[in-house]
Amino acid sequence: MEPDEPPRATTYDWNRRGRHRLRAPAAIVIDLPVPAASDAHLWVATIWPDDRAGGWARALWEPEPSRRGWRLPMELAAGDVIEFGADTPARPVRWFGIMDSYEPDRWATIQGPYPTPTDAWHDAQRLLALERFLPALPTEPPEESMPCDRTGRQPRHRHHRRP
């Protein structure tokens, strides 16, 4: 960059709805869509509806030992609802998204943000329904069937017993 050139904006708008790509070398997510102030306690979790847990159950992601990021769980699947959290002295910050895809050693793609985990879960169910349906594969043309012709046959006699 030239000395008289104005600095480029380096911020990214995580609140813009869409598919966000998080850097994920060696299956470790190192980008988070929540503020990373030095006094914040940051965490990531996979969440799902569970009435026994007060509405939502949560499985926290394991922090990477160097504290640079969080390990992608082995049980993570497309369509899972992901919660990114930052607990700060001022207030908690939450960012809800849907796991879209993972490109090994490159990107974890999350769709969001959603205002609530319920909104994310409902949209995940809609997207999963679209992914689950595939039209039938083309097959060979069906063989010609012969119509059933009972003419020329003896009618079947029915026997009824009387009490």
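Residues numbered from 1 in each chain as written. Predicted model: local features only at pLDDT ≥ 70, side-chain atom pairs only at ≥ 80, totals over all residues. Heavy atoms only, no water.

## Describing the overall build of the chain
Okay, so step 1: Within the chain one finds one helix and eight strands.
Okay, so step 2: If you list the helices and strands of the chain from N to C, you get β-β-β-β-β-β-β-β-α.
Okay, so step 3: Out of the 163 residues belonging to the chain, those deemed buried represent 31%.
Okay, so step 4: Look at the contacts in the chain between residues 6 or more apart in sequence, and 51% of them connect residues 24 or more apart.
Okay, so step 5: Total accessible area on the chain stands at roughly 13,000 Å², and carbon and sulfur atoms take up 53% of it. (Helix = DSSP H or I, 4+ residues; strand = E, 2+ residues; numbered from the N terminus. Buried < 20%, exposed > 50% of the residue type's maximum accessible area, 1.4 Å probe, protein only. Contact = heavy atoms within 4.5 Å. Areas by Shrake-Rupley, 256 points an atom, 1.4 Å probe, with all protein chains shown as cover.)

## Some words on the sheet that holds strand 8 (residues 107–114)
Okay, so step 1: The sheet built from six strands is open, its strands ordered 1-8-7-6-3-4 with antiparallel pairing. Sheet topology places strand 1 (18–23) and strand 4 (55–60) at the edges, where each strand pairs with a single neighbour. Looking at each pair of strands side by side, their axes are set apart by 40° on average, direction ignored.
Okay, so step 2: The sheet strands contacting helix 1 (residues 117–132) are strand 3 (41–50), strand 4, strand 6 (81–87), strand 7 (92–103) and strand 8, and the helix crosses strand 7 at an angle near 15°. (Pairing = 2+ DSSP bridges. Axes fitted to C-alpha atoms, helices over the stretch in contact; angles between N-to-C directions.)

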